Amino acid sequence: MPGIETLPIEETLEDSPQTRSLLGVFEEDARAVSSYFSQLFKAMQRIYDTQNELSAATHLTSKLLKDYDKQRFPLWGDDVVMSSTLQQFAKVIDELSSCHAVLSTQLADAMMFPITQFKERDLKEILTLKEVFQIASDDHDVAINRYSRLSKRKENEKVKSEVMEDVYTSRKKQHQIMMHYFTALNTLQYKKKTALLEPLLGYMQAQISFFKLGSENLTQQWDDFLTDIGTSVQNVRREMDSELETMQQTIQDLEQVSDPQYMPDPDLNKIPVNRNLTRKAAYLNIRNKTGLVSSTWDRQYFFTQGGNLMSQSRGDVAGGLVMDIDNCSVMAVDCEDRRFCFQITSFDGKKAAILQAESRKDCDEWIATINNISKRIYLSENPEEIAARLNQSALEAMKPSPSFQQRHESFRPNTQGQTKMSRSGSQCSVGSESPALSSLSVDSLVALDTPIQFDIILPISEEHTSQTKISSQGRTNPVGESGGSQPEESEDSILRQLFIVRFLGSMEVKTTENTDIIYETMRQILAARAIHNIFRMTESHLLVTCESLKLIDPQTQVTRLRFALSSVVLCASHQENKRLFGFVLQTAGRRVDGHPVTVCYIFESNNDGEMICDSVGLAKQIALHSETDRKATQKQREMDKAKEKQQEELNKQKLIEKDLEEQSRLIAASSRPNAPAADGQYIVLSNSQSEDSDAGEEGQKKGESEA
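Here the structure is a predicted model, which is why all the values come from computation and not from measurement. (Residues numbered from 1 in each chain as written. Predicted model: local features only at pLDDT ≥ 70, side-chain atom pairs only at ≥ 80, totals over all residues. Heavy atoms only, no water.)

1. Notes on the overall build of the protein chain
- Helix and strand content of the protein chain: twelve helices and 16 strands.
- In the protein chain, the share of contacts with a sequence separation of at least 24, taken over all contacts with a separation of at least 6, comes to 70%.
- Only carbon and sulfur atoms are counted for the fraction: they give 52% of the accessible area of the protein chain, which is about 41,000 Å². (Helix = DSSP H or I, 4+ residues; strand = E, 2+ residues; numbered from the N terminus. Contact = heavy atoms within 4.5 Å. Areas by Shrake-Rupley, 256 points an atom, 1.4 Å probe, with all protein chains shown as cover.)

2. A few points about the pairing of strand S1 (residues 281–289)
- For S1 and strand S2 (residues 295–305), the ladder comprises nine bridges, and the chain directions are antiparallel. Bridge pairing in S2 places Ala-281 opposite Phe-303.
- In sequence, S1 turns back onto S2 through a hairpin of five residues.
- Bridging between S1 and strand S7 (residues 352–356) involves two bridges; their strand directions are antiparallel. Its bridge partner lying in S7, Asn-285 is registered against Gln-356. (Pairing = 2+ DSSP bridges.)

3. A word on empty space enclosed by the protein
- Evaluated as defined, the whole model comprises one cavity of 30 Å³ or more.
- For the largest cavity, the calculated volume is near 90 Å³.
- Ile-144, Tyr-147, Ser-148, Tyr-283, Leu-284, Asn-285, Arg-299, Gln-356, Ala-357 and Glu-358 together form the lining of the largest cavity.
- Those elements giving two or more residues to the lining of the largest cavity turn out to be helix H2 (80–148) and S1.
- Broken down by class, the residue content of the lining of the largest cavity amounts to five nonpolar, three polar and two charged. (1 Å grid on protein atoms, 1.4 Å probe; cavity = no way out; pocket = protein on both sides within 12 Å on 5 of 7 lines; lining within 4 Å. Points joined across faces, edges and corners; volume = space filled by probe spheres on them. Nonpolar A, V, L, I, M, F, W, Y, C, P; charged D, E, K, R; others polar.)

4. Quick look at unusual backbone geometry
- Positive phi, close to 60 degrees, is recorded for Asn-327, a residue that is not glycine.
- Positionally, Asn-327 belongs in the loop between strand S4 (320–324) and strand S5 (329–333).
- Even without being a glycine, Phe-340 presents a positive backbone phi close to 55 degrees.
- By the element assignment, Phe-340 lies in the loop between S5 and strand S6 (341–345).

5. Topic: the environment of Ile-500
- Within the element layout of this structure, Ile-500 appears in strand S10 (residues 496–509).
- Sequence separation between Ile-500 and Phe-603 is 103 residues; the distance between their C-alpha atoms is 9.9 Å.

6. Overview of helix H11 (residues 609–671)
- Here H11 spans 93 Å end to end across 63 residues, near enough to the 93 Å set by a 1.5 Å rise per residue.
- Within H11 the residues assigned to the buried category are Gly-609, Ile-612, Cys-613, Ser-615, Val-616, Gly-617, Ala-619, Lys-620, Ile-622, Ala-623, Glu-627 and Ser-670.
- Regarding H11, its N-cap is Asp-608, as a side-chain oxygen of that residue lies 3.2 Å from the backbone nitrogen of Glu-610 further along. (Expected span 1.5 Å × (residues − 1). Buried < 20%, exposed > 50% of the residue type's maximum accessible area, 1.4 Å probe, protein only. Polar contact = N/O pair within 3.5 Å; in protein donor to acceptor, adjacent residues only side chain to side chain.)

7. Some details on the nonpolar core
- Among the nonpolar cores identified, the biggest contains 36 residues, and Ile-9, Leu-23, Phe-37, Phe-118, Ile-126, Tyr-181 and Leu-185 are the most heavily contacted of them.
- Contributing elements (two or more residues each) for this core: helix H1 (17–66), H2, helix H3 (157–214) and helix H4 (220–257).
- Of the residues forming this core, the biggest block, twelve residues, is contributed by H2.
- Ala-143, Ile-144, Tyr-147 and Ile-373 belong to the second-largest nonpolar core, a separate cluster that totals 29 residues. (Core = buried A, V, L, I, M, F, W, Y, C linked by side-chain atoms within 4.5 Å.)

8. With respect to the pattern of salt bridges
- By the definition in use, this model includes 25 salt bridges.
- Salt-bridge contacts for Lys-119 lead to Glu-120; the nearest nitrogen and oxygen are separated by 3.4 Å.
- Here Arg-560 and Asp-553 are joined by a salt bridge, their closest N and O atoms 3.1 Å apart. The burial state of Arg-560 is the same as that of Asp-553; both residues are buried.
- One network of salt bridges, with partners in common, ties together Asp-15, Arg-20, Asp-141, Arg-299 and Arg-314. (Salt bridge = Lys/Arg side-chain N within 4 Å of Asp/Glu carboxyl O.)

9. Digging into the sheet that holds S2
- Spatially, the seven strands line up as an open sheet ordered S4-S3-S2-S1-S7-S6-S5, and their pairing is antiparallel. Each edge of the open sheet is held by one strand with a lone partner, namely S4 and S5. Neighbour to neighbour, the strand axes of the sheet diverge by 40 degrees on average, direction disregarded.
- Relative to S6, S5 is paired through five bridges, and the arrangement is antiparallel. If you follow Ser-329 over to S6, its bridge partner there is Thr-345.
- Each of S1, S2, strand S3 (308–312), S5 and S6 touches helix H5 (residues 360–374); the most contacted strand, S6, lies at about 15 degrees to it. (Axes fitted to C-alpha atoms, helices over the stretch in contact; angles between N-to-C directions.)

Listed below in structure tokens is the structure:
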């Protein structure tokens, strides 16, 4: 017999879409077998019914022939020849009726019994197992969905225990039923052959036996053919028994080794995380946004294929592309309603996906696998060996080396012959290593035992408080002059550029003389992340303006940190990995031994890091020109105020001179005698005029005496 395809019982626990697709083929075959055998059963049932009818008809014919003598026909007389002939016919037909009865019994036992048993027992068993498997699969999906929605904030140990027990029970039930269902479908491939051949064999043997009763002239060829068919049926039955025994043993072995995998969140001490993978496939939940703030989670089967992340739903023939994960970034993220979540961002930052794993182990393995794929390790001949070697190198990255130059042999490109380039108008620069710095020790760059901060923990309120204190004590403005208060940041700033960045870490440094301090900080932070298996990065929006640098929460739009642009003294990007950049910040509010505290911040960006550094340099240039224009405007305003004040003094002097001239005229008029009027009368002065005259005379006398 040709080889028969079987369902892989070993893959029932994984329950991949490929296995479901193969199961669908077997189920379709079972439906076709059921339909075909239903028609065959009807045909054989007609043969059996016809044979029974023939047997009954021949028996009735024989009886009627025997009863012929008892019949009284009005027109027929006694016909002895006819009666004797009919009795002979009756005897032969009676013998034939007996043969047909034997044939009916043989058809019932050899033809109808095998096909009836196959139809009523084997095919119904397949249908029953299919319904039970579907119910178990639905129960498992419900349990997994309930387990996935467990909240990490409102942790209830009792509810968590019940949910995990439910997942364990449903998964074990699904696995066991699926294994028995696969076994039944595999066995069906053998049974359908025996169920097809045995009835035919019984039918032919019954017919031959029937004909042998009347004739022994049947050729030996039929006997040999039927003998061969019988031998073949026995061989198929023995092969089926052997395969059934093997599948039963496989089920027992898989049940023993698969018990720890039924638990959704295994113990990492018992099942460690494998960080050297370059391929992985498992069911994950993916978040799909349905509105501005609402989202849904869909469970799909995800797998990596080269440098692509693929997904496939149940019932799909093939998987679909989710995103290209070459040069992508991946990190663990916090979701309010889900645990074990991580985010994948494409190399250009235009596409991102948030996925939820089933356990912490799966989450860490997915992050490690995607990190390995993003480095294109899968293109090599032995990708897992290279991944293991890179991970080992990362663990040894923190071992001290003799000099600063040796520390950067594998981290920075060769910069001999390059001239140091600096951005005009700012202190942000990216250049080659100077000869004097190559012999410096790391201790002269980075403080010993300096803690590394991997997350942004400074609240905005503290930052504002510190800035307020700095403002009250006097601070340095962008061009180096001190002022009593800090100007408020304008919303209509000339420069406003936004970049998507991820915070890698920060640490205190000792010098700000060269950008190599930024490269050394990058090396130490990346090495520390690799040693401590820290993959989580806080994503923020970096807003560059002419007044400050802001780190803004992309979801709530709340400012996490704000750095005054004047406190940024260095900014540089890595020369190999252009997405890495950092800047050095001098904190004027805190001082150690009379010197300001200097901190280096390292980020990863979706854009070119040098572009961000250029933006910071441009902001400092604009701030310098703005400050120069502000000073010129202020000086012009002071000059205008001085001119206005001088003009006011001149106006006052002119008014005083005018008053003196008026008083002199009045005094002169009052010193002349009163002349009579034309009609001979005198002019009488009023009291005020007389008083003014007296005052004028007194003033005149006083002036004469002084003269």
